Amino acid sequence: MAAAQAGDRRAYERVLADSVTLIRVVARRQGVAHDQLDDVVQETLLTIHRVRHTYDPARSYDAWLAALAARRAIDGLRRSGRQAHREVADELALALHPDETDASAGSEQAQQAQRLRAAIAELPPGQREAVEQLGLKELSLEEAALHTGRSTGALKVNLHRALKALRQRFHGDD
């Protein structure tokens, strides 16, 4: 490393290549999983590159490297812990989100759509018209008012009442 600090490019390449084994050993001792070892090695090599000027040639290179590798290993373990805390396990994600090609999911969606269409058909005419124009056709308030000949205020009130009635029917909410 002293030669690398002096500008010897080949020495720097050699010291980095020779450092990988020690980095892996230190990372394993810290408890880094096998599939995370390469990440710790890369992070440690980048750290060596960034802080190589801090190496004191009068001291042990292996001790300096081991300290850097241990720190990067701990950083990797912390990162993995944070990710595991925030991410959903694969089994749970699969259970909660059925396959889109699953025939039962498609028929359930079709049944829900049919129930919604039937519920909309049973709404009073003003509410049904507001849902159709503003919800299903996605017209703006102004466009729906022009199309129906009703005021925007009346459409808002009818839409609000229709949504409340539909919510009550499907969820029992007020």
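Residues numbered from 1 in each chain as written. Predicted model: local features only at pLDDT ≥ 70, side-chain atom pairs only at ≥ 80, totals over all residues. Heavy atoms only, no water.

1. Points about the overall build of the protein chain
Right, so step 1: Scanning the protein chain for helices and strands turns up 9 helices and 0 strands.
Right, so step 2: The N-to-C order of helical and strand elements in the protein chain reads α-α-α-α-α-α-α-α-α. (Helix = DSSP H or I, 4+ residues; strand = E, 2+ residues; numbered from the N terminus.)

2. Details of the environment of H53
Right, so step 1: If you trace the backbone, H53 turns up in the loop between helix 3 (37-51) and helix 4 (61-86).
Right, so step 2: In the structure, H53 is positioned 51 residues away from A2 in sequence and 9.6 Å away in space, judged by C-alpha atoms.

3. Some points on helix 8 (residues 141-148)
Right, so step 1: Buried residues of helix 8: A144, A145 and T148, and no others. The buried residues of helix 8 occupy one face: seen down the axis, they fall within an arc of 100°. Relative to its buried face, helix 8 has exposed residues pointing more than 90 degrees away, namely E142, L146 and H147.
Right, so step 2: Where helix 8 ends, the next residue or the one after it, G149, has phi of about 75°, a positive value. (Buried < 20%, exposed > 50% of the residue type's maximum accessible area, 1.4 Å probe, protein only. Arc of directions from axis to C-beta.)

4. Some remarks on the packing of helix 8 against helix 9 (residues 152-171)
Right, so step 1: In contact at an axis separation of 9 Å, helix 8 and helix 9 are set at 105° when each is read in the N-to-C sense. Considered as vectors, helix 8 and helix 9 are oriented roughly perpendicular to each other. When helix 8 is examined against helix 9, the residues L141, E142, A144, A145 and T148 are found in contact with a partner set consisting of T152, L155 and K156.
Right, so step 2: Residues belonging to the contact of helix 8 with helix 9 are distributed by class as follows: 4 nonpolar, 2 polar and 2 charged. (Axes fitted to C-alpha atoms, helices over the stretch in contact; angles between N-to-C directions. Parallel < 35°, antiparallel > 145°, perpendicular 65-115°, else oblique. Contact = heavy atoms within 4.5 Å. Nonpolar A, V, L, I, M, F, W, Y, C, P; charged D, E, K, R; others polar.)

5. Describing unusual backbone geometry
Right, so step 1: Phi is positive for E138, which is not a glycine, with a value near 55°.
Right, so step 2: Along the chain, E138 turns up in the loop between helix 7 (125-136) and helix 8.

6. Things to note about the pattern of salt bridges
Right, so step 1: A full pass over the atoms with the stated rule returns 7 salt bridges.
Right, so step 2: R24 is the partner of D38 in a salt bridge, and the nearest nitrogen-oxygen pair spans 2.4 Å. Of the two residues, D38 is situated in helix 3 and R24 in helix 2 (residues 9-30); the sequence distance between them amounts to 14 residues.
Right, so step 3: Residue D38 is classed as partly exposed on the basis of its relative accessible area, which comes to 46%.
Right, so step 4: The partner of D75 in a salt bridge is R72, and the shortest N-O contact between them spans 2.8 Å. (Salt bridge = Lys/Arg side-chain N within 4 Å of Asp/Glu carboxyl O.)

7. Some remarks on the environment of E43
Right, so step 1: Mapped onto the secondary structure, E43 falls in helix 3.
Right, so step 2: Distance in space between the C-alpha atoms of E43 and L68 is 9.6 Å, their sequence separation being 25 residues.
Right, so step 3: Beyond its immediate sequence surroundings of up to four residues, E43 is in contact with R72 and R79.

8. Observations regarding the packing of aromatic side chains
Right, so step 1: Tallied over the full model, the rule gives 3 aromatic pairs.
Right, so step 2: Geometrically, the ring pair formed by Y61 and W64 is tilted, given 5.8 Å between the ring centres and 40° between the ring planes. Of this pair, Y61 and W64 both sit in helix 4, 3 residues apart, which is roughly one turn of the helix. Pair check on accessibility: Y61 and W64 agree, each one buried.
Right, so step 3: Ring-pair connections join several aromatic residues into one group, and the members of that group are Y55, Y61 and W64.
Right, so step 4: Across the ring face of Y12, the terminal group of R52 is positioned such that the distance to the ring centre comes to 5.3 Å. (Phe/Tyr/Trp six-rings, centres within 6.5 Å; stacked < 30°, edge-to-face > 60°. Lys NZ or Arg CZ within 6 Å of the ring centre and 35° of its normal.)

9. Here's the deal with the nonpolar core
Right, so step 1: Counting residues in each nonpolar core, the largest one holds 16 residues, and the members touching the most others are M1, I23, I48, Y61 and W64.
Right, so step 2: For this core, the secondary structure elements donating two or more residues are helix 2, helix 3 and helix 4.
Right, so step 3: Broken down by element, this core gets its largest block of residues, 6 residues, from helix 4.
Right, so step 4: Every residue in contact with I23, bar those within four places of it in the chain, is listed here: V40, V41, T44, L45, I48, L65 and A69.
Right, so step 5: A119, L123, V131 and A162 belong to the second-largest nonpolar core, a separate cluster that totals 6 residues. (Core = buried A, V, L, I, M, F, W, Y, C linked by side-chain atoms within 4.5 Å.)

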